[in-house]
Amino acid sequence: NDNDARVYPGATEITDGVDNDCDTLIDEGGNTFDDDGDGYSEAQGDCNDADRNIKPGATEICDDGRDSDCDGNQNEEGASGC
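First, a word on what this report is: a plain description of the structure on this page.

Rules used in this analysis
Residues numbered from 1 in each chain as written. Predicted model: local features only at pLDDT ≥ 70, side-chain atom pairs only at ≥ 80, totals over all residues. Heavy atoms only, no water. Helix = DSSP H or I, 4+ residues; strand = E, 2+ residues; numbered from the N terminus. Rg over C-alpha atoms; globule rule 2.2 N^0.38 Å. Contact = heavy atoms within 4.5 Å. Areas by Shrake-Rupley, 256 points an atom, 1.4 Å probe, with all protein chains shown as cover. Lys, Arg positive; Asp, Glu negative; His and termini not counted. Charge placed at Lys NZ, Arg CZ, Asp CG, Glu CD. Disulfide = S-S within 2.5 Å. Buried < 20%, exposed > 50% of the residue type's maximum accessible area, 1.4 Å probe, protein only. Salt bridge = Lys/Arg side-chain N within 4 Å of Asp/Glu carboxyl O. Polar contact = N/O pair within 3.5 Å; in protein donor to acceptor, adjacent residues only side chain to side chain.

A short note on the overall build of the chain
Thinking step 1. Scanning the chain from terminus to terminus reveals zero helices and zero strands.
Thinking step 2. The C-alpha atoms of the chain give a radius of gyration of 17 Å, which is well past the 12 Å a tight globule of 82 residues would have.
Thinking step 3. Residue pairs in contact within the chain that sit at least 24 positions apart in sequence constitute 1% of those at least 6 positions apart.
Thinking step 4. Carbon and sulfur atoms make up 44% of the accessible area of the chain, which amounts to about 5100 Å² in all.
Thinking step 5. In the chain, which carries 4 positive and 25 negative side-chain charges, the distance between the mean positions of the two groups comes to 4 Å.

Here's the deal with the state of the cysteines
Disulfides are covalent bonds that connect the sulfur atoms of two cysteines.
Thinking step 1. In total, this model carries one disulfide according to the counting rule given.
Thinking step 2. Residue pairing for Cys47: its cysteine sulfur links by disulfide to Cys70, the two sulfurs lying 2.2 Å apart. Classification of the bridge connecting Cys47 and Cys70 rests on its S-S torsion, roughly -80°, and on that basis the disulfide is left-handed.
Thinking step 3. Classification of Cys47 as partly exposed rests on a relative accessible area of 47%.

Some thoughts on the pattern of salt bridges
Thinking step 1. What the rule picks out here adds up to four salt bridges.
Thinking step 2. The partner of Asp4 in a salt bridge is Arg6, with the nearest N and O atoms 2.8 Å apart.
Thinking step 3. Among the salt bridges present, the one from Asp51 reaches Arg66, with a minimum N-O distance of 2.9 Å.
Thinking step 4. When salt bridges with common partners are traced through the structure, they connect Asp4, Arg6 and Asp16 into a single cluster.

What about the side chain of Asp38?
Thinking step 1. For the buried residue Asp38, which engages in no salt bridge, the nearest side chain bearing the opposite charge is Lys55, 5.6 Å off.
Thinking step 2. Side-chain polar atoms of Asp38 contact the backbone nitrogen of Tyr40, separated by 2.9 Å.
Thinking step 3. If we skip the residues at most four places from it in the chain, Asp38 touches Asp46, Asp49, Asp51, Arg52, Ile54 and Lys55.

Structure representation (structure tokens):
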């Protein structure tokens, strides 16, 4: 976009609804973009948006040291394998 100095290849992407870095993705890396492609962004409760297996509603795995379902508890009772 030659009419916007914030938009050019290699620009820093900021959360503004614009593809600042010209890579066809809008606001990637921000809390409203689903970085790992699991259907949830950080703004939607994804507590680890770099791991597509961790998201709200995911199955909790016992003794893996992770909060797979983003409820704030790791390995809670009733988790798979507990």
